[in-house]
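Topology and contacts: notes
What follows is each chain in one-letter form.
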Amino acid sequence: MAVEAAIATVRGAWPAGADLDAQVLTAAHAAAAAVRARAQALETRPRELACTLMVILWCGGHVAVAHIGDGAVAGHRAEGEWEVLSLPQESEYVNETRFLTDTDWRAHLRVTEAEGAYEGLVAFTDGCQRAALLRNGDGLHRPFAGFLDPLARFARRACKAAAAPPEGEGSTADPSEPLQGLLQSAKLRDASDDDKTLVLIWRDTADG
Amino acid sequence: MAELADEIEVAYPQQPHCATVLLLDTSGSMGGAKIAALNEGLRLFLRETGGDPLASKRVDLAVVTFGGEVSVLHDFAPVTEYAADLSLAVQGSTPMGLALERGLEMLETRKATYRQQGTDYYRPWLFLITDGEPTDMHPGDARWLAVAKTLREGVSARRFAFFAVGVEGANMERLRQLCPEDRPPLALKGLAFAELFQWLSRSQRQVSASHTGEQVQLPPVDWGTV
């Protein structure tokens, strides 16, 4: 419901205009309010509906992210480089992070902006974090190409298939099935038993 | 076409770890039935924790004994690397102060190693079992003040969790002075070491299985009293 509230808020304000950072912030607030309202309706503590959240707006060469908790957003530049656009919440211990339902969530909501010629973005929750990010000795995260490059190749293939499906074939296949298979694979299950969500947002470069 | 799982690599395939240091009193007064029961309890802990699919990969155990001298019986390792017939012997006085210093230092060094390796970790545990009081430090002396401060500040800053258990004969007042107020020492009921180590195994298994955001509720203590 947090995601639905965020999307509804962004849709209501579309077209985005220049202030992407303000829009992702507004969307995050709407998500927080929706979760609290739901908790109240269920007569339970907001903590029972604890969740992390990432709201990403990508328009032209601008990306804005509102983010609370772990997980991360990585951007892939057309030249082939990856960069982390929104880092996981700083937390020493693996089973601790900040949530949208914390009383001080506003203090831990991070809004970041980036500009660049990105070909695609990859957003993922903590269940994919140990697979997708490396860490320097000082604890700073950086993207791991060994995990992300195959996702970029997959996204490009999916864009091409969507743009020009093979003749004579109606496409009934769910294009996200290979991603579902990946998240359910033994390799990723062994890496983490935390919840896994993976979102690829790709620009078909044929569009320019 | 190759599956995506075959194409991708995982940056850190290793499991997150829970560093745990057991500080075990092996001074002379622990002889006889006490050390026999402790040994049996410890072996039970190793069996039960080692039999759990997650805990066996995640619990990173070190055992330090203090009896006459302080000895790192076993440095950090999965419980499955411990000898099934592990047996502690007793001797001498109770250098608890040095043992605590050693245990605290081992935990911080282990966390630094995890950070270097990119291994995720849970809040580590320091678990003390004694039937006496320290013979190498006394309330108010330099070592006592330093150890007590490190314990209090470390627990308060959530650098580690600290548990202290007094066995029959322990100076519980001394232990209380070292422990944080919200987790006073527990007095073991008789020789209920088996129950204590079963509780410790269940607790570590719960931590090992905890997910992000879950507040780990430790099992109720039926083997000791405050």
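Residues numbered from 1 in each chain as written. Chains lettered and ligands numbered in written order. Predicted model: local features only at pLDDT ≥ 70, side-chain atom pairs only at ≥ 80, totals over all residues. Heavy atoms only, no water.

Turning our eyes to something else, we now look at the overall build of chain A. On a plain count of helices and strands, chain A comes out with 7 helices and 9 strands. The C-alpha atoms of chain A give 18 Å as radius of gyration, which agrees with the globular expectation for 208 residues (17 Å, within 12%). Based on the C-alpha atoms only, the size of chain A along its principal axes is roughly 55 × 40 × 35 Å. Among the 208 residues that make up chain A, the fraction classed as buried is 44%. Here the analysis covers contacts within chain A between residues at least 6 apart in sequence; of these, 67% occur between residues at least 24 apart. Accessible area for chain A stands at about 10,400 Å²; split by element, carbon and sulfur atoms hold 52% of it. On chain A, the mean spot of the 20 positive side-chain charges and the mean spot of the 30 negative ones are 3 Å from each other. (Helix = DSSP H or I, 4+ residues; strand = E, 2+ residues; numbered from the N terminus. Rg over C-alpha atoms; globule rule 2.2 N^0.38 Å. Buried < 20%, exposed > 50% of the residue type's maximum accessible area, 1.4 Å probe, protein only. Contact = heavy atoms within 4.5 Å. Areas by Shrake-Rupley, 256 points an atom, 1.4 Å probe, with all protein chains shown as cover. Lys, Arg positive; Asp, Glu negative; His and termini not counted. Charge placed at Lys NZ, Arg CZ, Asp CG, Glu CD.)

What you tend to see is this: most non-glycine residues have negative phi, and most peptide bonds are trans. Of note in the backbone geometry, Glu43(A) takes a positive phi value of approximately 55° without being a glycine. Within the secondary structure layout, Glu43(A) lies in the loop between helix H2 (20–41) and strand S1 (53–59). The backbone of Arg158(B) sits at a positive phi, close to 60°, despite the residue not being glycine. Structurally, the position occupied by Arg158(B) is in the loop between helix H5 (142–156) and strand S5 (161–166). Arg158(B) gets classed as partly exposed once you look at its relative accessible area, which sits at 35%.

Before going further, it helps to spend a moment on the pairing of strand S4 (residues 82–86) of chain A. All names here are of chain A. Bridging between strand S3 (residues 72–77) and S4 involves 4 bridges; their strand directions are antiparallel. Within S4, the residue paired with Val73 across the bridge is Ser86. Count of turn residues in the S3/S4 antiparallel hairpin: 4 residues, of which Gly80 carries a positive phi of about 110°. (Pairing = 2+ DSSP bridges.)

To continue, consider the packing of aromatic side chains. Residues and elements named next belong to chain B. As enumerated under the stated definition, the model contains 10 aromatic pairs over all chains in all. Seen in terms of ring centroids, Phe127 and Trp199 are 6.3 Å apart; in terms of plane orientation they differ by 40°. Their pairing is tilted. Within this pair, whereas Phe127 is found in strand S4 (residues 125–130), its partner Trp199 is found in helix H7 (residues 193–209), the two being separated by 72 residues in sequence. When the ring of Trp199 is compared with that of Trp223, the centres are 5.5 Å apart and the planes differ by 65°; the resulting orientation is edge-to-face. Of this pair, Trp199 sits in helix H7 while Trp223 sits in the loop between H7 and strand S7 (224–225), and the two are 24 residues apart along the sequence. Comparing Trp199 with Trp223, the two get one shared label, buried. Grouped by ring-pair contacts, the aromatic residues Trp125, Phe127, Phe163, Trp199 and Trp223 constitute a single cluster. (Phe/Tyr/Trp six-rings, centres within 6.5 Å; stacked < 30°, edge-to-face > 60°.)

Residues and elements named next belong to chain A. For S1 and strand S2 (residues 62–68), the ladder comprises 7 bridges, and the chain directions are antiparallel. Along S2, the bridge assignment pairs Leu57 with Ala64. In this antiparallel pair of consecutive strands, S1 and S2, the connection spans 2 residues, and Gly60 shows a positive phi of 65°.

This brings us to the packing of helix H4 (residues 96–117) of chain B against H5(B). All names here are of chain B. The interhelical angle for the contact between H4 and H5, taken along N-to-C directions, is 40°, at an axis separation of 10 Å. Seen along the crossing, H4 lies across H5 with a hand that is left-handed. The segment H4 lies against H5, with Gly97, Leu98, Leu100, Glu101 and Leu104 engaging Arg143, Val147, Thr150 and Leu151. When grouped by side-chain class, the residues that make up the contact of H4 with H5 number 5 nonpolar, 2 polar and 2 charged. (Axes fitted to C-alpha atoms, helices over the stretch in contact; angles between N-to-C directions. Left-handed = near helix turned anticlockwise from the far one by under 90°. Nonpolar A, V, L, I, M, F, W, Y, C, P; charged D, E, K, R; others polar.)

Our focus in this paragraph is the sheet that holds strand S5 (residues 110–115) of chain A. Residue and element names in this part refer to chain A. Read across the sheet, 3 strands follow the order S1-S2-S5 without closing on themselves; strand pairing throughout is antiparallel. Edge positions in the sheet fall to S1 and S5, since each has one partner strand and no second. Along the sheet, successive strands turn relative to each other by an average axial angle of 15°, direction set aside.

The subject of this paragraph is the sheet that holds S4(A). All names here are of chain A. Overall, antiparallel pairing links the 4 strands, which are arranged S4-S3-S6-S9 in an open sheet. What marks the edges here is a single partner per strand, and that holds for S4 and strand S9 (198–202). Strand-to-strand twist across the sheet, computed as the mean angle between neighbouring axes with direction ignored, equals 25°. The sheet strands contacting helix H5 (residues 145–163) are S3, S4, strand S6 (118–124) and S9, and the helix crosses S9 at an angle near 55°.

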